[in-house]
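Survey of secondary and tertiary structure
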Amino acid sequence: MALFDEALALGRSLLAPRAVVRWRRVVRAGGDRLETGDVVLDIPDVADHWGAIDHVGAAVITIGDATERRVAELWEARELPLAMMLDSVASGAVESLAEYVNDQLCQDGEALGLRVTNRISPGYARWDVREQFKLFALCPGDPIGVTLSEACYMTPAKSITLLVGAGPAARVDHYFTQCARCWMRDCAYRRAPALRTVHG
Ligand code: SF4
């Protein structure tokens, strides 16, 4: 626990959370395909999971590269336990930021009468990781300094991309009840009480 506390304090001093978001209109959807004009996404079973959607929200998020540089220094200094713990803290932080952005997108959508789905990312649940290039075409990472290599590796490493669907009749909560983890206190659209949120 002492090691964790040390890593948490170090992590908090190094985090630089940033996100860029782009909403795009869906011009055609069917089966596994979502067309947004110049970008056509191929997402297995998306119609089954999300139902009828007319917008997608794409985002690139990062906590910066300071934690991974510090992890490398600690590793070099053979401080392996602290290096591993700091790396875990950084992974937890970037996931929490993704949850926070998903909640914010949901709040934005609900205010426009649009239901917003759980987030998904290329490389998960049979969605081909090479679709990262299409997601970066929808929402470039440049504004926050995130780049994508030919091998679909993001730099800084503690970065995530995500996609949500939105529509008046979108099917929400396809893999977890979002409201149960959402920090928005006075949300008029809340579907379930908040059990444990990412916004302490
Ligand atoms: S409480 Fe539910 S509906 Fe409201 S913003 Fe959060 S996830 Fe969306």
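As shown above, the structure is provided for reference.
Computed from a predicted structure; not experimentally measured.

The three strands are arranged β2-β3-β4 in an open sheet whose pairing can be described as antiparallel. The open sheet has two free edges, formed respectively by β2 (28-30) and β4 (40-42), since each of these has just one partner strand. Taken pair by pair, the neighbouring strands of this sheet meet at an average axis angle of 10°, ignoring direction. As defined by bridge partners, strand β3 (residues 33-35) adjoins β4 across three bridges and the pair is classed as antiparallel. Residue pairing for β4: E35 is matched across the bridge by V40.

Between its first and last C-alpha, helix α4 (residues 80-111) extends 47 Å over 32 residues, near the 46 Å set by a 1.5 Å rise per residue. Positive phi appears at G113, one or two residues downstream of α4, with a value of about 80°.

Within the largest apolar cluster, 23 residues are counted, with the highest numbers of intra-cluster contacts made by L34, L41, I43 and L163. Among the nonpolar cores identified, the runner-up in size contains 17 residues, and A90, L97, L114 and A166 belong to it.

Conventions adopted
- Residues numbered from 1 in each chain as written.
- Predicted model: local features only at pLDDT ≥ 70, side-chain atom pairs only at ≥ 80, totals over all residues.
- Heavy atoms only, no water.
- Pairing = 2+ DSSP bridges.
- Helix = DSSP H or I, 4+ residues; strand = E, 2+ residues; numbered from the N terminus.
- Axes fitted to C-alpha atoms, helices over the stretch in contact; angles between N-to-C directions.
- Expected span 1.5 Å × (residues − 1).
- Core = buried A, V, L, I, M, F, W, Y, C linked by side-chain atoms within 4.5 Å.
- Buried < 20%, exposed > 50% of the residue type's maximum accessible area, 1.4 Å probe, protein only.

Geometric descriptors of this kind do not, in isolation, establish any biological role.
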